[in-house]
Amino acid sequence: MKTVKSYDYIIVGAGAAGLSLLWHILEHDKLKKKNILLADNTFKWEREKTWCFWDKSLIPEKNWIQKSWERIEVRIGNKAFINIGNEHYHCISSRNFRKNILERVKETETVTIVEAEVEGFEDLGHNAMIRTDKGNFTASHIFQSTHIMPVKLRNGSQLLQHFRGFFVESRKEVFDPEMITLMDFDAESGTSKCTAFFYVLPYSKNLALCEYTLFSDEVLPDETYDAALQRYLNSRFGLSERDYKVNEIEKGFIPMDDTLLAGKLNNRTLNIGTAGGATKPTTGYTFTRIQQHSRHIVKALAENRLPEPFPRSKYRFRLYDHLLIQILKKEPLAGPGIFRQLFRKNKIKDVLLFLDEKSSLADEIKIFASLPWAPFLKALGKSGFGWKVP
Ligand SMILES: Cc1cc2nc3c(=O)[nH]c(=O)nc-3n(C[C@H](O)[C@H](O)[C@H](O)COP(=O)(O)OP(=O)(O)OC[C@H]3O[C@@H](n4cnc5c(N)ncnc54)[C@H](O)[C@@H]3O)c2cc1C
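Keep in mind it's a predicted model, so treat the numbers as computed, not measured. (Residues numbered from 1 in each chain as written. Predicted model: local features only at pLDDT ≥ 70, side-chain atom pairs only at ≥ 80, totals over all residues. Heavy atoms only, no water.)

A. Structural view of the overall build of the protein. Looking only at helices and strands, the protein has nine helices and 18 strands in total. Computed over C-alpha atoms, the radius of gyration of the protein comes to 22 Å, within 12% of the 21 Å expected from 2.2 N^0.38 for 390 residues, which places it in the range of a compact globule. Its C-alpha atoms give the protein principal-axis dimensions of about 65 × 55 × 40 Å. Across the 390 residues of the protein, 52% fall into the buried class. Pairs at least 24 residues apart make up 74% of the contacts formed inside the protein by residues separated by at least 6 positions. Element-wise, carbon and sulfur atoms account for 52% of the exposed surface of the protein, whose accessible area totals about 19,000 Å². In the protein, which carries 57 positive and 48 negative side-chain charges, the distance between the mean positions of the two groups comes to 4 Å. (Helix = DSSP H or I, 4+ residues; strand = E, 2+ residues; numbered from the N terminus. Rg over C-alpha atoms; globule rule 2.2 N^0.38 Å. Buried < 20%, exposed > 50% of the residue type's maximum accessible area, 1.4 Å probe, protein only. Contact = heavy atoms within 4.5 Å. Areas by Shrake-Rupley, 256 points an atom, 1.4 Å probe, with all protein chains shown as cover. Lys, Arg positive; Asp, Glu negative; His and termini not counted. Charge placed at Lys NZ, Arg CZ, Asp CG, Glu CD.)

Rendered as structure tokens:
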């Protein structure tokens, strides 16, 4: 019979959630000597991500932050709405984040790395096991971010936030390195069938990540995003294709899906990251929520308690997400109008507070009063006046 190697903890998935949790464990005096196995099917990432957020206080290690911006703007047509609060915007490059944590792992004798395809999870009562193509491993706690398990089967059409972006190096100094463009609504999307906008993260006067994002049911051919990006770089920054080179490309999609996900696979296998329900379905923002969950897990482990799954949002925030997703799925033409009104009639800092689920009911009433009501009332009726909210 094959021997099964045992660890205190197994972290399955070395992405944002797995590596964040590992970092939190290694920082904890009581836990840092635990034997840990970190498993991923590849440690040679081909596609990097840029993780952005606005609440820096939730990031435990400020060295992870690659760049911060003092101002955030949203553009509608030729009008720019600029935040005048204290909200800054920050980004972390997945490349630097991973390098930072994996370098630390190299110096730590208690962490073992295995490049393996994780095929399944077993409940062994007081501990749990993973089955992989490199053998089986057990631990008293497993944390996994690789297998997404909806509580109920998803039904109906899908909705995706999908995007592709250029890391542009321009010959001309056209970007404002102190201000990000959170959303610049695509003027031409007025005639298209969904919400579409550009997102610009300028790193210097001539370096920027410029992304084209859409909320719709399917990913488009690369050429469609590229044509939109070329058009935008030209119309907004006066850049023709000869004026810049594209150093790297970021692309991806995030399901805009509020289906309830299982918080654990068994008593000893907790789901983390996107698989653990940490992604806000309407925005895709996940990174700061991962940090909050990691803190909770580490505290529970240090106190010899079973860590809890990522907490579900309050009912009213789940209702708002559900209604918006239903509108974007069933009445995609209403999407651009809703987002434009949201930013035209409300301060950016109030919208960010709302998206972080930190607003009060009074704030939310004010925000909803500024939006077109009809699509929301229709979606509310279709959701059985809220009782079908996951
Ligand atoms: C391009 C992109 C940009 C994003 N930008 C932001 C942002 O700006 N801000 C924000 O808050 N959120 C953002 N998100 C959402 C979210 O933060 C990220 O998707 C984040 O990476 C989720 O972390 P995770 O650990 O759950 O998953 P991942 O980071 O995807 O990690 C999962 C890991 O599991 C491994 N794996 C998968 N299957 C197996 C298997 N069978 N066996 C072994 N290993 C396996 C993968 O190789 C991967 O390393 C973005 C998402 C994308 C796609």
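After that view, the rundown keeps rolling.
B. Region of interest: the side chain of S170. Within the element layout of this structure, S170 appears in strand 12 (residues 160–170). On the basis of relative accessible area, S170 is assigned to the buried category, the value being 3%. Within the structure, S170 has its side chain in polar contact with the backbone oxygen of K172 (distance 2.5 Å). With sequence-adjacent residues up to four places away left out, S170 is seen in contact with F175, N206, L239, D243 and Y244. (Polar contact = N/O pair within 3.5 Å; in protein donor to acceptor, adjacent residues only side chain to side chain.)

C. The arrangement of the domain arrangement of the protein in detail. Along its sequence, the protein is organised into domain 1 (5–74 + 88–152 + 258–302), domain 2 (160–255) and domain 3 (315–382). Measuring from the centre of the C-alpha atoms in domain 1 to the corresponding centre in domain 2 gives 29 Å. With 21 residues of domain 1 at the contact, the number on the domain 2 side is 23 residues. Both sides together, the interface formed by domain 1 and domain 2 hides about 1,900 Å², and carbon and sulfur atoms give 50% of it. Counting across the domain 1 and domain 2 interface gives three salt bridges. (Domains from an automatic or database assignment. Buried area = accessible area lost by both parts, 1.4 Å probe. Salt bridge = Lys/Arg side-chain N within 4 Å of Asp/Glu carboxyl O.)

D. Highlighting the packing of aromatic side chains. As enumerated under the stated definition, the model contains 28 aromatic pairs in all. Measuring from ring centre to ring centre gives 4.0 Å for F198 and Y232, while their planes differ by 5°; the resulting arrangement is stacked. Of this pair, F198 sits in strand 14 (residues 195–204) while Y232 sits in helix 3 (residues 222–237), and the two are 34 residues apart along the sequence. Of the two residues examined, F198 and Y232, each falls in the buried class. In this structure an aromatic cluster arises from ring pairing among W54, W69, Y89, F167, Y199, Y203 and Y285. (Phe/Tyr/Trp six-rings, centres within 6.5 Å; stacked < 30°, edge-to-face > 60°.)

E. Highlighting the sheet that holds strand 14. Strand order across the open sheet formed by seven strands is 6-5-13-14-15-12-16, with mixed pairing between neighbours. Where the open sheet ends on each side, the last strands, each with one partner, are strand 6 (79–82) and strand 16 (244–255). Averaged over all adjacent pairs, the angle separating strand axes in this sheet is 20°, with direction ignored. Bridge count for strand 13 (residues 179–185) against strand 14 is three bridges, and the pairing is antiparallel. (Pairing = 2+ DSSP bridges. Axes fitted to C-alpha atoms, helices over the stretch in contact; angles between N-to-C directions.)

F. Region of interest: the pairing of strand 11 (residues 135–144). Counting buried positions over the 10 residues of strand 11 gives eight, a clear majority of the element. With seven bridges connecting them, strand 1 (residues 5–12) and strand 11 associate as parallel partners. Residue pairing for strand 11: V12 is matched across the bridge by Q144. As paired strands, strand 10 (residues 128–132) and strand 11 are joined by five bridges and run antiparallel to one another. Bridging across to strand 11, T132 finds its partner in G135. If you look at the hairpin formed by strand 10 and strand 11, you'll find two residues sitting between the two strands. By the bridge criterion, three bridges tie strand 11 to strand 18 (residues 269–271) in an arrangement that is parallel. Bridge assignment links F143 to a residue of strand 18, and that residue is L270.

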